[in-house]
Amino acid sequence: MLGSLVLITLIGWVVLWSFYKFRYDARPPGLQLNPPLAEYVKGLEPHEAWPISTMTRVRALPESYLYGMADIKLTANYYTSYVLGAEFQIRSVPYIEARLQSIASTTQ
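All of these numbers come straight from a predicted model, not from anything done at the bench.

Draft legend 1. Spatial organisation of the pattern of salt bridges. The full count for this structure, using the stated rule, is one salt bridge. Of the charged contacts, one joins Glu48 and Lys73 as a salt bridge, the two residues approaching to 3.6 Å between their closest N and O atoms. Taken together, the positions of Glu48 in helix H3 (residues 46–58) and Lys73 in helix H4 (residues 63–78) put the pair 25 residues apart, joining distant regions of the chain. Accessibility expressed as a relative area gives 11% for Glu48, which makes it buried. The partly exposed category is assigned to Lys73, whose relative accessible area is 29%.

What follows is the structure, encoded as structure tokens:
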């Protein structure tokens, strides 16, 4: 079972890299992102920035993919979300779970 999970993860990783033509840099040679990924990640909290910074150092994923992950997290931190008519900050995961469970229990 663990071997299957590792194999599926490896295949997904190779497919992801193939979409980016096995190129790490987000821009063609001679061009840079503005702001650079290292600077953009500074807007995240340390526990949120650490995984992205680590994957950047080891080049585990393409730079544009990591930039997108950082952008999604930054957006989620600063905008209000709406789920099923309720307004809340995206960070309140227990609220989401409780809300979904209450709705699921009323539909059964």
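Draft legend 2. Broad picture of the packing of aromatic side chains. The tally for this structure, following the rule as stated, stands at three aromatic pairs. Where Trp13 meets Trp17, the ring centres are 6.4 Å apart and the plane angle is 75°; that geometry is what we call edge-to-face. Of this pair, Trp13 and Trp17 both sit in helix H1 (residues 2–19), four residues apart, which is roughly one turn of that helix. Given the relative accessible area of 40%, Trp13 is considered partly exposed. For Trp17, a relative accessible area of 8% corresponds to the buried category. Geometrically, the ring pair formed by Tyr40 and Tyr67 is stacked, given 4.6 Å between the ring centres and 5° between the ring planes. Residue Tyr40 is located in helix H2 (residues 37–40), and its partner Tyr67 is located in helix H4; the two are separated by 27 residues in the primary sequence. By relative accessible area, Tyr67 is classed as buried at 17%.

Here is what the cut-offs are and how they apply
- Residues numbered from 1 in each chain as written.
- Predicted model: local features only at pLDDT ≥ 70, side-chain atom pairs only at ≥ 80, totals over all residues.
- Heavy atoms only, no water.
- Salt bridge = Lys/Arg side-chain N within 4 Å of Asp/Glu carboxyl O.
- Helix = DSSP H or I, 4+ residues; strand = E, 2+ residues; numbered from the N terminus.
- Buried < 20%, exposed > 50% of the residue type's maximum accessible area, 1.4 Å probe, protein only.
- Phe/Tyr/Trp six-rings, centres within 6.5 Å; stacked < 30°, edge-to-face > 60°.

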